[in-house]
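Below, each chain spelled out in residue letters.
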Amino acid sequence: MVDYIPTNQSSPLRGAIIAKLALAVSLIFIFTVCFCFIGTDVDEDYFKKVLTKTANTDPGVVLLGESVDVDVDEPSITIRWSILACGEGLFLPGPVAAHGIHSCGLPSQPLRIFVDNDPEPAATYDPTKIPLSRDTGSWRSTQNLVQFDSNHVLDVHEARVYPFDTYLLTSTLRALSDTNETVPIRKLLTIAITSSFDIDTDDSETYSTSTTGAGTVTYASRDIDMRVARPTSARIFALTLFALNWMMAHATVGLVFMCKRLDDVRPIFKHLLSAGAILIAIPQMRNSMPDAPGFDDTIGYFPQMIFAGISTILILIIIIGHELDNLREPPVILNQPTKGHPSPPPAALNRVRPPPTPTKDSSSMEIAQYEMYRAMQHVKGEYVFPPVQLIPSDPSAARSSHRRTKSAMPGIKEGSGDSRFSEFLSSMT
């Protein structure tokens, strides 16, 4: 007979098909993530726009911060500046173009750059030391000759709670020629996006004065205001890890209540391993947060470790309590049946409960059951009191003495399988 199969019944997918589908989904996800790399050169377009505008409207020296390194542990910031000049006649001739802008290049005059009115120059630029290529005849932009680093201490009065900490910086820079004449800096500009921070810059034209033997000298300078904050993506990622750490800490408390309700020690050991894994995973996840500060978080890391640590200790105490109870009262272990060959149940569990002793109010059926039970005990060779009087079907085969042999009840023939007594005997044995 063929079973009826409905037309709308769904059939399970095979393992090979599931594996291929999982591979296809994984590849689609990887290719989708690769689109995140599109637009990483956004700073280049921003630099081009600013340099072009400066060359056309306000030519002069430009300091371009192409690299910004923020260290929140100090806290400090390091900026690598590139010395450029924009405008006709202000840069070295040749095919060298700064960021693709042919109206900007290496300055044609020597410069000394001072940061935060330091008496010693942070950088000394000399165009005569710039090497030339023999093949193309163009100037070589050597980093150590046209770039310099400046270190600054960050203002931390808005650096409250990670990942919502914000840092501020105000710095002033000025440039002098080799004849100590002031060279105005027309633009200060840095990148806007780093791996862990968003940087917002704003520059303004300023001046400073200095008293010398010849009188008061005024120096033109330029200030830059920087606001360093974490991007939205980094904040979301950090808050997600923060929530996961708290969920794992709460899970250890739930493991304690589960272990409290268990009577067997073996499942408790599994929960102990889970609590220990959580105790190890919390600091690792805390350390994986983007540019995370030290382990001094009073609303996250410290209470999470306290929750997980205390829960692990409580689970250990529960295990110790169970072990002490087992030492005082060792459990009774029954013989476990072997696989494929189940052992028979104990004799005590297979024993038939005897019927109650008849009383004057008992029915004939209850009396008959009681007598049949006594007869069965007698047939098995057990002592029954008062003795059972078995009357055989054949009077000549009657025996007066009490022997522990099988006998037949009156009116019941031996070997008759369809009698009620034979059914009772088979059920008893």
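Fair warning: this is a prediction, and the values are worked out from it, not measured in the lab.

How each quantity is defined
Residues numbered from 1 in each chain as written. Predicted model: local features only at pLDDT ≥ 70, side-chain atom pairs only at ≥ 80, totals over all residues. Heavy atoms only, no water. Core = buried A, V, L, I, M, F, W, Y, C linked by side-chain atoms within 4.5 Å. Buried < 20%, exposed > 50% of the residue type's maximum accessible area, 1.4 Å probe, protein only. Helix = DSSP H or I, 4+ residues; strand = E, 2+ residues; numbered from the N terminus. Contact = heavy atoms within 4.5 Å. Polar contact = N/O pair within 3.5 Å; in protein donor to acceptor, adjacent residues only side chain to side chain. Expected span 1.5 Å × (residues − 1). Disulfide = S-S within 2.5 Å.

A. Highlighting the nonpolar core. By size, the foremost hydrophobic cluster in this structure holds 45 residues, and its most contacted members are L63, I77, I113, F148 and L173. Those elements that place two or more of their residues in this core are α2 (42–57), β1 (60–71), β2 (76–86), β4 (111–115), β5 (123–125), β7 (166–176), β9 (185–190) and β11 (215–229). Y162, W246, M248 and A249 belong to the second-largest nonpolar core, a separate cluster that totals 12 residues.

B. Just the environment of D225, in detail. Looking at where D225 falls in the secondary structure, it is placed in strand β11. D225 sits in the partly exposed class, given a relative accessible area of 33%. Excluding its chain neighbours within four sequence positions, the residues that come into contact with D225 are L169, T170, D200, T201 and D202. Within the structure, D225 has its side chain in polar contact with the side chain of T170 (distance 3.2 Å).

C. Fine view of helix α6 (residues 301–328). Compared with the 40 Å implied by 1.5 Å per residue over 28 residues, the 41 Å span of α6 between its first and last C-alpha is a close match. Along α6, the residues that are buried comprise Y301, P303, Q304, A308, S311, T312, I315, I318, I319 and H322. Looking at the buried side of α6, the elements it contacts are α4 (232–260) and α5 (265–287).

D. Layout of the side chain of S311. Its location among the elements puts S311 in helix α6. A polar atom in the side chain of S311 sits 2.8 Å from the backbone oxygen of F307. Excluding its chain neighbours within four sequence positions, the residues that come into contact with S311 are T252, V253 and V256.

E. Broad picture of the state of the cysteines. Summed over all chains, the structure comprises 1 disulfide. Here C86 pairs with C104 through a disulfide, and the sulfurs are 2.1 Å apart. On the sign convention where negative is left-handed, the bridge of C86 and C104, at about 110 degrees about the S-S bond, is right-handed. You can see C86 sitting in strand β2 and its partner C104 sitting in strand β3 (residues 104–105), a full 18 residues away along the chain. Both residues of the pair, C86 and C104, belong to the buried class.

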